Amino acid sequence: YTTLFRSVILFFVPFNEKEELNVYFFDVGQGDAAFIKTPIGNCYMIDTGRDYKYNEIERFLASNGYKLEGLFLTHSDEDHIGGLNKLVENGYVEKIYVSNADFINYEFSDNVEVEKLKRGVEVKLDDKTNIKVLYPDFYLEKEETNEMSLCLMLEYDEYRLLFTGDINEEIERKLVPIVENVDVLKVSHHGSKNASSSLFLSTIDPEYAVIMCGENYYGHPSDNTIYNLEKYCDIIYRTDENGGIMFSFSDDISIDTVMKKNIIRSLP
């Protein structure tokens with residue numbers, strides 16, 4: 001595919017009026033939050049970042065008048081679900097998708113519909129866009145919520161984006177027999193040294209990698225992870241360095257980087 005690069009420093013930058021899939025990785029520090037807008041305008045999110053970063057997400061949604069058809073929560077750690085309650089309270093989401101294995105670790109409002117996911121399930125986002133659940137199985141005997149993370153493959157046309165939550169190398173090995181090449185990898189666990197193995201990366205052969213990280217005490221992203229990503233990926237983006245990152249998929253892939261504190265975007 002041809003790739004176009006654009007650096008965005010304005011509050012409102014409209015895309016061309018064309019059918020495309022938009023995926024925006026928020027700059028929410030040490031946490032995960034991604035927004036999906038399908039070609040027909042259906043809106044979804046994967047994770048919500050930490051509670052104190054919620055305003056970043058609401059500014060984006062409110063300024064564009066977006067409501068979410070669904071919210072996928074990869075697992076129940078605070079840096080992935082911190083904005084959940086406020087999104088529900090403020091009327092942005094009515095349906096939530098979670099891993100059945102991790103379901104007991106949540107407390108949900110009665111105002112939302114909750115669907116439990118397991119490996120093999122497909123969620124249709126529109127006629128041309130869907131999400132496949134690659135992991136976990138229906139029931140897991142795991143103590144670590146990271147190891148229960150939903151692994152989601154977003155597919156549109158011939159494009160594939162892999163969202164890995166906070167899985168570790170052990171889970172990556174379970175995925176190797178069933179994953180294909182991907183265009184974009186959301187790097188697991190903010191670039192932890194316990195994931196992004198050479199075996200996994202060589203199997204999925206991502207063109208782009210996105211590390212969602214901020215100031216932290218864990219050494220994320222690790223030097224070993226960066227080394228592996230540089231070996232197997234064409235281009236690496238980091239939210240702590242690049243700010244928010246917007247991918248648009250149509251006849252080609254275009255990427256916008258949105259500088260910190262300038263995350264309000266206008267999409268077609």
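Note: the structure precedes this text.
Residues numbered from 1 in each chain as written. Predicted model: local features only at pLDDT ≥ 70, side-chain atom pairs only at ≥ 80, totals over all residues. Heavy atoms only, no water.

**So, the overall build of the protein chain**
Working step 1: Counting secondary structure elements, the protein chain contains seven helices and 16 strands.
Working step 2: Put simply, the protein chain has 268 residues, and 61% of those count as buried.
Working step 3: Here the contacts in the protein chain between residues at least 6 apart in sequence split such that 63% fall between residues at least 24 apart. (Helix = DSSP H or I, 4+ residues; strand = E, 2+ residues; numbered from the N terminus. Buried < 20%, exposed > 50% of the residue type's maximum accessible area, 1.4 Å probe, protein only. Contact = heavy atoms within 4.5 Å.)

**Focus on the pairing of strand 13 (residues 208-211)**
Working step 1: Across the two faces of strand 13 the burial is the same, with Tyr-208 and Val-210 and Ala-209 and Ile-211 all buried.
Working step 2: Taken together, the three bridges between strand 12 (residues 184-186) and strand 13 define a ladder with parallel strand orientation. Residue Lys-186 lies in a different strand from strand 13, and its bridge partner there is Val-210.
Working step 3: Here strand 13 runs beside strand 14 (residues 235-238); their pairing, made up of four bridges, is parallel. (Pairing = 2+ DSSP bridges.)

**Focus on the nonpolar core**
Working step 1: Judged by nonpolar contacts, the single largest core of 31 residues is most densely connected at Phe-25, Phe-72, Phe-247 and Phe-249.
Working step 2: Other than its neighbours up to four places away in sequence, Phe-25 contacts Ala-33, Ala-34, Phe-163, Val-184, Lys-186, Val-210, Met-212, Gly-244, Ile-245 and Phe-247. (Core = buried A, V, L, I, M, F, W, Y, C linked by side-chain atoms within 4.5 Å.)

**A short note on the packing of aromatic side chains**
Working step 1: This model, assessed by the stated rule, comprises 16 aromatic pairs.
Working step 2: A centroid spacing of 5.1 Å and a plane angle of 80° characterise the contact between Phe-26 and Phe-60, whose relative ring orientation is edge-to-face. On the criterion of sequence distance, the pair formed by Phe-26 in the loop between strand 2 (21-25) and strand 3 (33-37) and Phe-60 in helix 1 (residues 54-64) is long-range, its members being 34 residues apart.
Working step 3: Its relative accessible area of 1% is what places Phe-26 among the buried residues.
Working step 4: With 6.1 Å between their ring centres and 25° between their planes, Phe-103 and Phe-108 make a pair best called stacked.
Working step 5: In this structure an aromatic cluster arises from ring pairing among Phe-25, Tyr-159, Phe-163, Tyr-208, Tyr-237, Phe-247 and Phe-249. (Phe/Tyr/Trp six-rings, centres within 6.5 Å; stacked < 30°, edge-to-face > 60°.)

**A short note on empty space enclosed by the protein**
Working step 1: Counting across every chain of the model gives one cavity of 30 Å³ or more.
Working step 2: Of the volumes computed, that of the largest cavity is approximately 40 Å³.
Working step 3: Of all the secondary-structure elements, those providing two or more residues to the lining of the largest cavity are strand 3 and strand 4 (43-48).
Working step 4: For the lining of the largest cavity, the per-class residue count stands at five nonpolar, two polar and three charged. (1 Å grid on protein atoms, 1.4 Å probe; cavity = no way out; pocket = protein on both sides within 12 Å on 5 of 7 lines; lining within 4 Å. Points joined across faces, edges and corners; volume = space filled by probe spheres on them. Nonpolar A, V, L, I, M, F, W, Y, C, P; charged D, E, K, R; others polar.)

**Side note on the sheet that holds strand 8 (residues 122-126)**
Working step 1: Across the sheet, seven strands lie side by side as 8-9-10-11-12-13-14; this open sheet has mixed pairing. Each edge of the open sheet is held by one strand with a lone partner, namely strand 8 and strand 14. When strand polarity is set aside, the average angle formed by the axes of neighbouring strands in this sheet is 20°.
Working step 2: Here three bridges tie strand 11 (residues 159-163) to strand 12, and the two strands are oriented parallel to one another. Paired with Leu-162 across the two strands is Leu-185, which belongs to strand 12. (Axes fitted to C-alpha atoms, helices over the stretch in contact; angles between N-to-C directions.)

By themselves, these observations are geometric and do not establish any function.
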